[in-house]
Amino acid sequence: MRKISKIGVLTSGGDAPGMNPCIRAVVRTALYNGLEVVGIRQGYKGLIDNDMMEMKHRSVSNILNLGGTILKTARCLPFKTDEGMEIAYQNAKARGIDGLVVIGGDGTFTGALRFSRKYPDIAVMGVPGTIDNDLCGSTYTLGFDTATNTVIEAIDKIRDTADAHDRLFFIEVMGRDSGAIALRAGISCGAEAILLPERTTAIDDLIKNLKDGHMNKKSSSIVIVAEGDKNGVWDVAKAVQKEVKNYDIKVTILGHLQRGGAPSSFDRILGSRLGFAAVNALIAGESQKMVGLQANQILMTDLEQALNHHEFKLEPDLLQMMDILSI
Ligand code: ADP
C-alpha cells in the first residue's frame, strides 16, 4: 500500500464558504497522524509558481468563521497544458508532496483527475467545494448551505419593499448550470415562480400565473431566475412587463454577495468532516476519489463519477412542491 508522508492542500476555482473549516481539518488531521502539510496558494497556480508554505496547528487558528479561503483561489489556465502540469508535478515532488487534497468544483476535479492519471505517484483526493451543489456523490457541497441562506436573507428584504410598493421583482441567483440555490431559496421565500435551467418555463404560463396572483390580491410577487436559466432574467422581465401592466417591475441581480460571509454551522461541520475524511482516505491508500456526504455519511466516489453531471438531478419532490405551494 502507498504510504503518504506529506500532504499538499489547495482551494481552486470558485470560492465557497466552508473552505476554511475544511483547510483547518486537513491540516490538523494530517499533523495528528504525523504527516507534514503544505498549503498551496491560489489553487494550481501555486503549484506551478512554487507558491507554497509549511502549515502547522497555528496556521489555521481562528479561521472557522471566515468566508473565502485563506489559501486564496484562482483559475489557472497553464495547468490545463501538459507543460504546466509537468512544472506543477516537479515542484510538488521537490517539496516531497505525495498526497494532494483539492477543494473545488468540477473544473478542479477535472484537473486533479488528469494530473493524477499522468502522475500516479501523487495521490489525489477531492473535496466538493462549490456553492452550485452540482456534483454527483455528495448531497451537499461546501458553501451551498451558506450561499442559500445568504440568498434567503436578501430575498426576505426584497419582499418587504416589494410588498410596500405592489412590485414584481425578478431576482437572479447564482448556480451556473444548476438551479439548486434557486429552487431552495424559492421554496424558502415563497417565490411566486422559480425559473430553473433544469426545466423549461413557458413565458405565457408565467404571465398568466402572475396576472392571476394579482387578481387574487397578491400585493407583491417574487420570481427567482437561476443564472443558468436559458431565458435570462432581463428578457423574462421585459416580456412580462409588456403583458402585466399593473405591477411595477424591478430586476435585482444578487451577484457575488452570494459567495461571501461566515460559513453556516452546516458548512463548518461539513467542511470539517470532509477535510478529516480526505486525509484519512489518503492515509488509507486511496486516490482519484472525492469524499462526499450521502445520507449523513461520508462516503467516497470516483472522481470520474463525481464529474458526471448528467446523473445529478434536483429532488423531484421539491420540484413538484414548488408549484403547489406558490399559488
Ligand atoms: P471549479 O473548480 O469551481 O469548477 P474552474 O472550472 O474554474 O472552477 O476550474 C478550476 C481550475 O481547475 C482551472 O482554473 C484549471 O486550473 C483547472 N482545470 C479545469 N479544467 C481542467 C482541465 N481540463 N485540465 C486541467 N486542469 C483543469
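Residues numbered from 1 in each chain as written. Predicted model: local features only at pLDDT ≥ 70, side-chain atom pairs only at ≥ 80, totals over all residues. Heavy atoms only, no water.

With an unreviewed UniProt entry as reference, the protein chain is termed ATP-dependent 6-phosphofructokinase, source organism Mucilaginibacter oryzae. Listed under Cofactor (unreviewed entry) in UniProt, the entry text for the protein chain is "Mg(2+)". (UniProt positions renumbered as here; feature names shortened; annotations may be inferred.)

Q: Help me get a handle on the sheet that holds strand β9 (residues 248-253), residues and values and all.
A: The sheet built from four strands is open, its strands ordered β7-β8-β6-β9 with parallel pairing. Every interior strand has two partners, whereas the edge strands, β7 (193-195) and β9, have only one. For this sheet, the mean inter-axis angle between neighbouring strands, taken without regard to orientation, is 15°. Sheet topology note: the strand β6 (residues 167-173)/strand β8 (residues 221-226) ladder contains six bridges and is parallel. Pairing of Phe 170 across the sheet is with Val 223, part of β8. Lying on the sheet, helix α8 (residues 233-243) is in contact with β6, β7, β8 and β9; it crosses β9 at an angle near 175°. (Pairing = 2+ DSSP bridges. Helix = DSSP H or I, 4+ residues; strand = E, 2+ residues; numbered from the N terminus. Axes fitted to C-alpha atoms, helices over the stretch in contact; angles between N-to-C directions. Contact = heavy atoms within 4.5 Å.)

Q: Any chance you could break down the site of the ligand for me, citing the residues and the numbers?
A: As a structural note, the neighbourhood of the ligand is formed by 17 residues, with Arg 75, Cys 76, Asp 106, Thr 108 and Arg 176 the closest of them. Arg 176 places a side-chain nitrogen or oxygen 2.9 Å from an oxygen atom of the ligand. Here the ligand loses 87% of its free accessible area of 560 Å² to cover by the protein chains. At six residues, the largest contribution of residues to the shell around the ligand is made by helix α4 (residues 106-118). (Near = heavy atom within 4 Å. Polar contact = N/O pair within 3.5 Å; in protein donor to acceptor, adjacent residues only side chain to side chain. Areas by Shrake-Rupley, 256 points an atom, 1.4 Å probe, with all protein chains shown as cover.)

Q: Can you lay out unusual backbone geometry for me, pointing to particular residues and giving the numbers?
A: Of note in the backbone geometry, Asn 50 takes a positive phi value of approximately 60° without being a glycine. Within the secondary structure layout, Asn 50 lies in the loop between α2 (44-49) and β3 (52-54). On the accessibility criterion, Asn 50 (36% relative accessible area) is partly exposed. Phi angles above zero are rare outside glycine, and Gln 288 is one such case at about 55°. With respect to the secondary-structure elements, Gln 288 resides in the loop between α9 (265-283) and β10 (289-294). (Buried < 20%, exposed > 50% of the residue type's maximum accessible area, 1.4 Å probe, protein only.)

Q: Run through the side chain of Ser 221, naming residues and quoting values.
A: Secondary-structure assignment places Ser 221 in strand β8. With a relative accessible area of 1%, Ser 221 lands in the buried category. If sequence neighbours within four positions are ignored, Ser 221 has contacts with Arg 159, Arg 167, Leu 168, Phe 169, Glu 192, Leu 210 and Tyr 247.

Q: Hey, could you go over the pairing of strand β11 (residues 297-302) for me, with residue numbers and the actual values?
A: Bridge count for β10 against β11 is six bridges, and the pairing is antiparallel. Across the sheet, residue Gly 292 finds its bridge partner in β11, namely Leu 299. In sequence, β10 turns back onto β11 through a hairpin of two residues, with Ala 295 there showing a positive phi of about 50°.

Q: Lay out the pattern of salt bridges in plain terms, naming residues and giving numbers.
A: Tallied over the entire structure, the rule returns 17 salt bridges. A salt bridge links Lys 157 to Glu 153; the nearest nitrogen and oxygen atoms lie 3.6 Å apart. Taken together, the residues Lys 157 and Glu 153, both in helix α5 (residues 144-165) and four residues apart, mark about one turn of the helix. Among the salt bridges present, the one from Lys 208 reaches Asp 212, with a minimum N-O distance of 2.9 Å. Here Asp 212 and Lys 208 lie together in helix α7 (residues 203-215), a separation of four residues that amounts to about one turn. (Salt bridge = Lys/Arg side-chain N within 4 Å of Asp/Glu carboxyl O.)

Q: Would you mind going over the environment of Val 37 in detail, with residue names and values included?
A: With respect to the helices, strands and loops of the structure, Val 37 is situated in strand β2 (residues 36-40). Note on Val 37: relative accessible area 1%, which makes it buried. It is 50 Å that separates the C-alpha atoms of Val 37 and Ser 326, two residues lying 289 residues apart in sequence. Excluding anything up to four places from it in sequence, Val 37 contacts Ile 7, Val 9, Val 27, Ala 30, Leu 31, Met 53, Glu 54 and Met 55.

Q: Lay out the UniProt feature "domain: Phosphofructokinase" (unreviewed entry) in the protein chain with the relevant residues and their values.
A: If you check UniProt for "domain: Phosphofructokinase" (unreviewed entry), the listed places come out as residues 6-282 in our numbering. Strand forms 17% of residues 6-282 and helix 44%; the C-alpha atoms that close the span are 10 Å apart.

Q: Tell me about α4, residues and numbers included.
A: A rise of 1.5 Å per residue sets the reference length of α4, with its 13 residues, at 18 Å; its end C-alpha atoms lie 18 Å apart and thus fit the reference within 8%. Within the span of α4, buried status applies to Asp 106, Thr 108, Phe 109, Gly 111, Ala 112, Leu 113, Phe 115 and Ser 116. In this structure, the buried residues of α4 make contact with α2, α3 (82-95), β4 (99-104), β5 (123-128), β10 and α10 (303-306). (Expected span 1.5 Å × (residues − 1).)

Q: Give a detailed account of the nonpolar core, specifying residues and quantitative values.
A: Ile 7, Val 101, Ile 103, Val 127, Ile 155 and Ile 224 are the most contacted members of the largest nonpolar core, which totals 62 residues. By residue number, the principal contributor to this core is α5, which donates eight residues. Domain assignment of the residues forming this core places at least three in each of domain 1 (6-143 + 263-310) and domain 2 (144-259). Residues contacting Ile 103, with those up to four places away along its chain left out, are Val 9, Leu 10, Thr 11, Ser 12, Met 19, Cys 22, Ile 23, Thr 108, Val 127, Gly 129 and Leu 142. (Core = buried A, V, L, I, M, F, W, Y, C linked by side-chain atoms within 4.5 Å. Domains from an automatic or database assignment.)

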